[in-house]
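# Coordinates in review
Chain residues, written in single-letter form:
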Amino acid sequence: MKKPKVSFGPTGFPAFAGTMAVERVATGFRWAEGPVYFPAGRYVLFSDIPNNRIMRFSEDDGHVSVYRQPSMNSNGNTIDREGRLITCEHSGRRVTRTELDGSITIIADKYNGKKLNSPNDAVVAGDGSIWFCDPAYGIGGYYEGIKAEPEQDKKNVYRVDPKSGDIKVVVDDFVEPNGLCFSPDEKKLYICDTGFTDGPDNPSHIRVFDVDLAGGKLSNSKVFAEIPKPSITDGLRCDRDGRLWCSVGWGDPNEDGVRCYTADGDLLGKIHIPETVANMCFGGQQRNRLYICGSSSLYAVYTSAQGAMKP
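Just so we're clear, the structure is a prediction, and the values are computed from it rather than from any experiment.

Scanning the protein from terminus to terminus reveals zero helices and 26 strands. Against the globule reference of 19 Å for 311 residues, the protein gives a C-alpha radius of gyration of 18 Å, in line with a compact fold. Projecting the C-alpha coordinates of the protein onto the three principal axes gives extents of approximately 55 × 45 × 40 Å. Out of the 311 residues in the protein, the part that is buried amounts to 58%. A total of about 12,900 Å² of accessible surface is found on the protein, and carbon and sulfur atoms cover 48% of it. Side chains of the protein carry 37 positive and 41 negative charges; the gap between the two charge centres is 3 Å.

What follows is the structure, encoded as structure tokens:
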């Protein structure tokens, strides 16, 4: 099979378009994370976790402003099918939804009557179910949240039922579950394990599961891609053709940036960023602009791929 030709850039790697320029579009943050694009307003929201705020970058004129402060040390953000913001909060130890009138609804803050650890990232499926991971990073100290003892025995991945609001565990064998992302057809769910942060023998990889959306179940776990230690990945997005894009950081500076994999797990290429990268999302009116949260800055690059229509 011939790899598709892409204008400029390496063959088969749809990372760059036009001048192949990576732009720093905003800076001055302490730890940028959890970007999400809102097409209706043409803006990107992202968390600045230690500064306890959600920032907004307006695409039309490049204006940067504070969207919410305090943000309960928010981390991952996504958008649901009604255009509402879903946020994972470290110090709130909860997942919330910002309603269209600006009020905040708690989606999940307990499981089995005990507080969650510190929800980190979330995705919303086409049926309205919300899937989120719950590692312990936000209760490990006072930098990204409020230090506390975990009440959950494990660091789980949960599903919130769209009708009943019931919360159930879908995976319980991660060391530290992190970023997650559905394939465009929602038949696969990718989840990072950043357990390497807790010890050198722990994983730094992406796992992939088969999804039973109607049943709310995951099965057939396998390792999709290993990230070269000491780097880890904690942010994931798919494009419309099913390729998986992931953040890389915290290790070798030469690895800082974004990796792109085929749906079969083959590495297609890398975008190098001069800072550790935590997460990214597709945006722009054609969904072909990749917004990248790199520590103190927000970067953007036009690609020759289009982000999946669903986050």
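More follows now that the structure is in view.
In this structure the tally under the stated criterion is 22 salt bridges. The residue E255 makes a salt bridge to K270 at a minimum N-O spacing of 3.2 Å. With a gap of 15 residues between them, E255 in the loop between strand 21 (244-248) and strand 22 (257-261) and K270 in strand 23 (residues 267-272) connect regions that are remote in the sequence. The exposure class of E255 is buried, given its relative accessible area of 15%. In the salt-bridge network here, residues are joined through shared partners; they are D80, E82, R84, R97 and E99.

Our next topic: the pairing of strand 4 (residues 53-58). Of all six residues that make up strand 4, five are buried, and the element is covered over most of its length. Of the strand pairs in this sheet, strand 3 (residues 43-48) and strand 4 are connected by six bridges, and their pairing is antiparallel. Residue pairing for strand 4: F46 is matched across the bridge by M55. In sequence, strand 3 turns back onto strand 4 through a hairpin of four residues, with N52 there showing a positive phi of about 60°. When strand 4 meets strand 5 (residues 64-68), the two strands line up antiparallel, connected through four bridges. Residue pairing for strand 5: M55 is matched across the bridge by V66. A loop of five residues connects strand 4 with strand 5, the two strands running antiparallel in sequence, and G62 in this loop sits at a positive phi of about 75°.

A separate point is the sheet that holds strand 2 (residues 32-38). Ordered in space as 2-3-4-5, the four strands form an open sheet in which the pairing is antiparallel. Pairing within the sheet leaves two strands with one partner each, and these edge strands are strand 2 and strand 5. Taken pair by pair, the neighbouring strands of this sheet meet at an average axis angle of 30°, ignoring direction. Alignment of strand 2 against strand 3, held across five bridges, turns out to be antiparallel. If you follow A32 over to strand 3, its bridge partner there is D48.

Criteria and cut-off values
- All residue numbers refer to positions counted from 1 along the written sequence of the respective chain.
- Selection of residues for local features in this predicted model requires a pLDDT of at least 70, selection of side-chain atom pairs for listing and counting requires 80 or more, and totals for whole chains, interfaces and linings are taken over all residues.
- Side-chain metrics rest on all non-hydrogen atoms present in the structure, leaving aside hydrogens and water.
- Strands are runs of DSSP state E lasting at least 2 residues, helices are runs of H or I lasting at least 4, and numbering of each runs from the N terminus.
- Note on method: radius of gyration uses C-alpha positions; expected globular size equals 2.2 Å times residues raised to 0.38.
- Only protein chains enter the accessibility calculation, which uses a 1.4 Å probe. A residue is then buried if its area is under 20% of the maximum for its type, exposed if over 50%, and partly exposed in between.
- Residue burial considers only the protein chains on display, and all accessible areas are found by Shrake-Rupley using a 1.4 Å probe.
- By the counting rule applied here, Lys and Arg register as positive and Asp and Glu as negative, while His and the ends of each chain are not counted.
- For charged residues, the charge sits on one atom: NZ in Lys, CZ in Arg, CG in Asp, CD in Glu.
- By salt bridge we mean one thing: a side-chain nitrogen of Lys or Arg within 4 Å of a carboxyl oxygen of Asp or Glu.
- Here, a strand pair is defined by DSSP locating no fewer than two bridges between the strands.
- Axes here mean lines fitted to C-alpha atoms, for a helix over just the part in contact, with angles spanning 0 to 180 degrees between N-to-C directions.

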